[in-house]
Structure formats: structure tokens, C-alpha cells
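Here are the chains, one letter per residue:
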Amino acid sequence: DTAVSQTPKYLVTQMGNDKSIKCEQNLGHDTMYWYKQDSKKFLKIMFSYNNKELIINETVPNRFSPKSPDKAHLNLHINSLELGDSAVYFCASSRGGYEQFFGPGTRLTVL
Amino acid sequence: EDQVTQSPEALRLQEGESSSLNCSYTVSGLRGLFWYRQDPGKGPEFLFTLYSAGEEKEKERLKATLTKKESFLHITAPKPEDSATYLCAGGLYGGSQGNLIFGKGTKLSVKP
């Protein structure tokens with residue numbers, strides 16, 4: 001059984017488009033995260049939700065909007081995609097601490 | 001500025017050749033030091049938590065240690081399956097938030 005799953009695995013799109021990435025966890029965790037890993041493999045936190053409430057919101061353009069319909073799901077919507085948004089996006093979950101379980105990642109390519 | 005720096009960027013070892021990976025940090029209000037392993041095309045996988053200087057944790061061929069300014073991941077008699085990128089991360093703010101600041105990682109290759 002997959003603990004943290006993301007869809008799609010690959011996403012290729014044109015500049016200016018709007019896209020969404022979905023994440024689901026079946027671990028019963030209360031906290032979920034979105035990370036961005038750029039071309040230099042640098043992994044950086046973007047957002048964190050605890051029980052559907054936003055608790056971490058790092059310096060991210062407001063074109064990025066997370067949405068948590070329930071504590072098992074955290075989706076990431078990106079408006080007006082730019083070339084610099086190309087990266088691998090990871091979803092993760094935890095019981096609220098630092099031991100986090102990551103999904104397989106979504107590779108976003110903006111052309 | 002909070003920062004986590006890992007060295008070397010890449011490390012090539014022969015099977016059985018022991019070595020260490022370094023993680024130095026300047027994080028105000030550090031809430032622990034964490035090691036993760038990342039295989040190509042996959043998400044990071046949690047390995048160790050270290051909270052206090054002098055603390056050590058072990059798992060198979062890996063041992064993580066912590067001082068006041070750095071952490072080491074010692075790999076004893078590595079095998080090819082240990083090949084991966086090892087990420088070090090510092091925990092920020094309150095523990096319940098889970099805010100991690102990651103280093104850029106050390107890519108380890110172990111040749112048979």
C-alpha cells in the first residue's frame with residue numbers, strides 16, 4: 001500500500017497555463033507538506049498544513065495556492081506557470097514533527 | 001541566515017571502504033538534526049534524528065553523530081545498495097510545525 005501518493009508523476013505544460021498536483025496520504029497523519037526540489041537538487045519547504053489549517057507558508061509566489069479538503073489530502077494549484085517553476089515537487093506527511101514521509105514526487109516541466 | 005552545508009557534494013567509494021559525510025549547520029533555535037536518504041527518482045526517506053550534542057544513532061552500516069556545530073554520517077564497509085544521496089536537515093521553530101531546512105546533499109556511489 002502506498003503511504004503518500006502524488007498525481008501526476010510527470011507534468012509537461014506551456015508557460016502561462018494553470019495546473020494542479022494532487023497528494024493523498026493513508027498514514028493517518030495530521031500534517032502535510034509541499035516541497036520544491038530544483039535542478040540543483042536543493043529541497044525547500046513551501047507549505048505545511050495541520051488538520052486543514054495552514055501553519056507554514058514560506059516565501060512562495062502567490063501563484064502557488066495549496067488546498068486541503070481534508071487532513072488526508074493536500075493539493076497544490078499553480079497559476080500562470082513560469083519557466084522557473086520547473087522542478088520536482090514533493091508532498092510529505094508527518095504526525096506533526098520532523099520525521100516526514102515523502103511521496104514519489106511530481107516532475108513539472110514548463111516549456 | 002539559517003543554513004545547512006554538506007560536504008563533500010559527491011563521494012565515490014569501493015565496496016567495503018568506510019568513510020564519513022559531513023553536515024555543518026548554523027541554525028538559530030535548532031530543534032534537532034535529521035538525516036534522510038534519497039534514491040534517484042524517489043522522495044527522501046527518513047533515517048535518523050539527533051537532538052543533543054554527543055548523541056549517536058545507528059542503523060545497519062550507518063552511524064550518525066552530532067556535535068554543537070556539525071553532524072557526521074559514518075558509513076562502515078558500504079555496499080552498492082548504500083548508493084544514494086544523503087540529505088541532512090535542521091529542524092526550525094517548534095517541533096510540531098516540522099519545518100526543516102535541508103542541505104544540498106552528498107551523492108554517494110559505492111562500486112562493487
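Residues numbered from 1 in each chain as written. Chains lettered and ligands numbered in written order. Predicted model: local features only at pLDDT ≥ 70, side-chain atom pairs only at ≥ 80, totals over all residues. Heavy atoms only, no water.

A. How the structure looks around the confidence of the model for chain A. Summary statistics for chain A give a mean pLDDT of 93 and a share of 99% for residues scoring 70 or more. Across chain A, the element-wise mean pLDDT spans from 81 in strand β6 (residues 53-57) of chain A up to 98 in strand β3 (residues 19-25) of chain A. (pLDDT = per-residue confidence, 0-100. Helix = DSSP H or I, 4+ residues; strand = E, 2+ residues; numbered from the N terminus.)

B. Seen up close, the sheet that holds strand β8 (residues 73-78) of chain A. Residues and elements named next belong to chain A. Strand order in the open sheet made by the 4 strands is β1-β3-β8-β7, with antiparallel pairing throughout. Of all the strands in the sheet, the pair left with one neighbour each is β1 (4-7) and β7 (64-70). Taking each pair of neighbouring strands and ignoring which way they run, the sheet shows an average axis angle of 20 degrees. Sheet topology note: the β7/β8 ladder contains 5 bridges and is antiparallel. Across the sheet, Phe-64 pairs through a bridge with Ile-78, a residue of β8. (Pairing = 2+ DSSP bridges. Axes fitted to C-alpha atoms, helices over the stretch in contact; angles between N-to-C directions.)

C. Focus on the packing of aromatic side chains. Enumeration over the complete set of coordinates arrives at 11 aromatic pairs over all chains. With a centroid separation of 6.4 Å and an interplanar angle of 80 degrees, the aromatic rings of Phe-90 of chain A and Phe-102 of chain A are classed as edge-to-face. Linking Phe-90 of chain A in strand β9 (residues 87-94) with Phe-102 of chain A in strand β10 (residues 101-102), this pair joins segments that are 12 residues apart in sequence. Accessibility classification places Phe-90 of chain A together with Phe-102 of chain A in one group, the buried group. Aromatic ring contacts, followed pair by pair, group Tyr-33, Tyr-35, Phe-90 and Phe-102 of chain A together with Tyr-36, Phe-46 and Phe-102 of chain B into a single cluster. (Phe/Tyr/Trp six-rings, centres within 6.5 Å; stacked < 30°, edge-to-face > 60°. Buried < 20%, exposed > 50% of the residue type's maximum accessible area, 1.4 Å probe, protein only.)

D. Spatial organisation of the sheet that holds strand β7 (residues 62-66) of chain B. Residues and elements named next belong to chain B. Spatial ordering of the open sheet is given by β1-β3-β8-β7-β6, a layout of 5 strands whose pairing is antiparallel. Each having just a single partner strand, β1 (3-7) and β6 (56-59) make up the two edges of the open sheet. Taking the axes of each pair of neighbouring strands and ignoring which way they run, one obtains an average angle of 15 degrees across the sheet. Where β1 lies against strand β3 (residues 19-26), 5 bridges are found, and the strand directions are antiparallel. Bridge pairing in β3 links Ser-7 to Asn-22.

E. Focus on the pattern of salt bridges. In the structure shown here, the tally under the stated rule is 7 salt bridges over all chains. Linking Asp-39 of chain B and Arg-37 of chain B is a salt bridge whose minimum nitrogen-to-oxygen distance equals 3.0 Å. You can call Asp-39 of chain B partly exposed: its relative accessible area is 21%. Ionic pairing is found between Glu-56 of chain B and Lys-63 of chain B, a salt bridge with its closest N-O pair at 3.8 Å. The class of Lys-63 of chain B is partly exposed, set by a relative accessible area of 27%. Each of Arg-63, Glu-82 and Asp-85 of chain A takes part in salt bridges that share partners, so that together they form one network. (Salt bridge = Lys/Arg side-chain N within 4 Å of Asp/Glu carboxyl O.)

F. Fine view of the state of the cysteines. Following the criterion strictly, the structure yields 2 disulfides over all chains and no others. Two residues, Cys-23 of chain A and Cys-91 of chain A, share a disulfide whose sulfurs are 1.8 Å apart. Looking along the S-S bond of the Cys-23 of chain A-Cys-91 of chain A disulfide, the torsion reads about -75 degrees, which is the left-handed sense. Of this pair, Cys-23 of chain A sits in strand β3 while Cys-91 of chain A sits in strand β9, placing them 68 residues apart in sequence. Across the pair, exposure class does not vary: Cys-23 of chain A and Cys-91 of chain A are buried alike. For Cys-23 of chain B, the disulfide goes to Cys-88 of chain B, at an S-S distance of 1.9 Å. Judged by the torsion about the S-S bond (-65 degrees), the Cys-23 of chain B/Cys-88 of chain B disulfide is left-handed. Taken together, the residues span a long stretch of sequence, with Cys-23 of chain B in strand β3 and Cys-88 of chain B in strand β9 (residues 84-92) at a distance of 65 residues. (Disulfide = S-S within 2.5 Å.)

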